[in-house]
Amino acid sequence: MRNLCGKCLLVTALLLILLLLPWKSHAQTPKPRTIFKVSAEEVVMHVRFTDRVGKSISDIRPEEVKVFDDRVEQKVQRVFTSQEPFDIALLLDSSPSTVDNLEQIRYQSAQLVRQLSEQNRLLLLTFDDNVYIDSDWTSSPDKVEEAVWQMRTNQKANHTVLYEAVALAAQKKFTRDAPRKAMIVYTDGVDEGSHGISERDSVKIIEESGIIAYCIQYDSRDYYRHLSNPMPRSPTDPNWEPPVGSTGTKVGPIFVGRNSSARDRAEYVAQTKYDHAKKYLMNLTQAGGGQYFEMLQVRDLSTAYAKIIDELSQFSTVTYIPARKQKDGQFHRVKIATTREGVAVQMTRQGYWAK
């Protein structure tokens, strides 16, 4: 009996010792994100350094970079390599025109989130006749992916506030002190509801923000054809005829007048909306120094996403504080060069607004 009690005391003592020992988890913790900040005076320029065959170079040193502001050489503040993280805002159209393709949009967008490094911060906004913050800034891809899968098409929306969504993301959600910023917008580009923010305003905001903007346009012409002329339009219908000017997936000039058919009027409305939206999205992309993608099939969304990820991974970022301190509200042209032989420089924008 005494031997048994002695064994019990020994086991109890060992358990107490184990409990008092420092405990370490074997689970891997995510690598902390390096945080960079820029001052209000710093100008931020995104560039791509390439060799003679167009391959990106990521090891350019600050002493190898030269910056000229209106032809006056400036002192380089910092050079962020292409491996440094981005703040990336993903803006997804959730208006009624997405209803037939929602599942593919969610799937492809979730794949995009999975492929982005955890070092990046992500923001998810959706928009129809309102703008929604589905997932605020986070470095957790799982949170954003979950929000993507919860995305729904608002079939009751009467219009789309695309311009408001772009402005809100650029002005309210991105911070001035984040040096590397990008925006990915997936939409048909049609806006018939924004108030207080015009098409021109939203382009100007992106131009002044230093955000690299990517626009992916989906084809919503069938949706707008049906709104204007709800009659069946499938080629398998015995009474179906192609609209005047139609050549497969491309539509040529359509002339409508008093005697035009409902079909041709619907085609004219749909094509006019699409062309105007395309012009806007191309202007937005040009202002942001990114790329415009025209995706007639939603399954091609993955191709656009892959190209965006690849391009962002090649951008370095150069910052400097202009010797001219005053903010005169004018546009100042910037040229970035490198002293390393055989290296070319591609810039996303040609200058900045001193505001």
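Residues numbered from 1 in each chain as written. Predicted model: local features only at pLDDT ≥ 70, side-chain atom pairs only at ≥ 80, totals over all residues. Heavy atoms only, no water.

## Comments concerning the packing of aromatic side chains
Quick reminder of the rule: Any two rings among Phe, Tyr and Trp, with Trp reduced to its six-membered ring, count as a pair given centres within 6.5 Å; such a pair is stacked if its planes are under 30 degrees apart, edge-to-face if over 60, and tilted if neither. Strands here are runs of E lasting at least two residues and helices are runs of H or I lasting at least four, both read from the DSSP assignment and numbered beginning at the N terminus. Relative accessibility under 20% of the residue-type maximum defines a buried residue, over 50% an exposed one, and the middle range a partly exposed one, all with a 1.4 Å probe and only protein chains included.
Within this structure, the stated rule accounts for five aromatic pairs. Considering the side-chain rings of Trp-137 and Phe-174, the 5.2 Å spacing of their centres and the 65 degrees angle between planes classify their relative orientation as edge-to-face. Here the residue Trp-137 occupies a position in strand S7 (residues 131-138), and Phe-174 occupies one in the loop between helix H4 (162-173) and strand S8 (181-187), the gap between them amounting to 37 residues. We note that Trp-137, like Phe-174, is buried.

## Overview of the nonpolar core
This is how the line gets drawn: The set of buried Ala, Val, Leu, Ile, Met, Phe, Trp, Tyr and Cys residues whose side-chain atoms join them within 4.5 Å is what this entry labels a nonpolar core. Whether two residues are in contact is decided by their heavy atoms: any pair within 4.5 Å suffices.
In terms of nonpolar packing, the biggest core is built from 33 residues, with Ile-88, Ile-184, Tyr-186, Tyr-214, Ile-216, Tyr-305 and Leu-312 touching the most fellow members. Elements with a minimum of two residues in this core: strand S5 (87-93), helix H2 (102-115), strand S6 (121-127), helix H3 (141-149), S8, strand S9 (212-218), strand S12 (292-295) and helix H8 (301-312). Per-element accounting of this core gives the leading share, six residues, to H8. Setting aside its immediate chain neighbours within four residues, Ile-216 contacts Ile-184, Val-185, Tyr-186, Thr-187, Phe-293, Met-295, Leu-301, Ala-304, Tyr-305 and Ile-308. Formed by 28 residues, the second largest nonpolar core is a distinct cluster that contains Ala-89, Leu-91, Val-203 and Ala-213.

## A closer look at the sheet that holds strand S15 (residues 344-347)
Paired through backbone hydrogen bonds, the strands of a sheet run either parallel or antiparallel to each other. Keep this limit in mind: Should DSSP find at least two bridges between two strands, the strands are regarded as paired. A fitted line through C-alpha atoms represents every axis, and for helices the fit uses only the stretch in contact; the resulting angles, taken between N-to-C directions, go from 0 to 180 degrees.
Strand order in this open sheet of four strands is S4-S13-S1-S15, and the pairing throughout is antiparallel. The open sheet has two free edges, formed respectively by strand S4 (76-80) and S15, since each of these has just one partner strand. Averaged over all adjacent pairs, the angle separating strand axes in this sheet is 35 degrees, with direction ignored. Here strand S1 (residues 43-50) pairs with strand S13 (residues 316-320) via five bridges, running antiparallel. Each bridged residue has a counterpart across the sheet, and for Val-43 the counterpart in S13 is Tyr-320.

## Description of the side chain of Thr-160
Structurally, the position occupied by Thr-160 is in the loop between H3 and H4. Residues contacting Thr-160, with those up to four places away along its chain left out, are Asp-93, Ser-95, Phe-127, Asp-128, Val-190, Asp-191, Glu-192, Gly-193 and Ser-194.

## Some thoughts on the pattern of salt bridges
Under the convention used in this document: Any carboxyl oxygen of Asp or Glu that lies within 4 Å of a side-chain nitrogen of Lys or Arg is treated as forming a salt bridge with it.
Here the structure, examined in full by the defined rule, presents 17 salt bridges. With its nearest N and O atoms 3.1 Å apart, the salt bridge here joins Glu-42 to Arg-78. Of the two residues, Glu-42 sits in the loop between helix H1 (2-20) and S1 while Arg-78 sits in strand S4, which places them 36 residues apart along the sequence. When its relative accessible area of 28% is taken as the criterion, Arg-78 is described as partly exposed. Across the pair Arg-61 and Glu-64 runs a salt bridge, and its minimum N-O distance is 3.3 Å. Residue class for Arg-61 comes out partly exposed when judged on its relative accessible area of 42%.

## Concerning unusual backbone geometry
You will see that Asp-70, though not glycine, has its phi angle at about 50 degrees, which is positive. With respect to the helices, strands and loops of the structure, Asp-70 is situated in the loop between strand S2 (65-69) and strand S3 (72-74). The phi dihedral of Arg-71 falls on the positive side, at around 70 degrees, and the residue is not glycine. Assignment of secondary structure puts Arg-71 in the loop between S2 and S3. Judged by its relative accessible area of 82%, Arg-71 is exposed.

## A look at empty space enclosed by the protein
Threshold: Both cavities and pockets are sets of points on a 1 Å grid over the protein atoms alone; in a cavity a 1.4 Å probe fits but cannot get out, in a pocket the set is open with protein on both sides within 12 Å along at least five of seven lines, and lining residues sit with an atom within 4 Å of a point. Grid points are joined across faces, edges and corners, and a volume is the space filled by probe spheres set on the points. Three categories are distinguished: nonpolar for Ala, Val, Leu, Ile, Met, Phe, Trp, Tyr, Cys and Pro, charged for Asp, Glu, Lys and Arg, and polar for the others, with Gly belonging to the last.
One pass over the structure, following the stated rule, counts two cavities of 30 Å³ or more. Lining the largest cavity, in full, are Ile-88, Leu-90, Leu-112, Val-113, Leu-116, Leu-122, Leu-123, Val-144 and Ile-184. Going through the elements one at a time, S5, H2 and S6 are the ones with two or more residues in the lining of the largest cavity. Here the lining of the largest cavity is composed, by residue class, of nine nonpolar, no polar and no charged. Of the pockets and cavities examined, the second largest cavity occupies roughly 30 Å³. Residue lining of the second largest cavity: His-46, Gly-210, Ile-211, Ile-212, Ala-287, Gly-288, Thr-348 and Arg-349, and that is the complete set.

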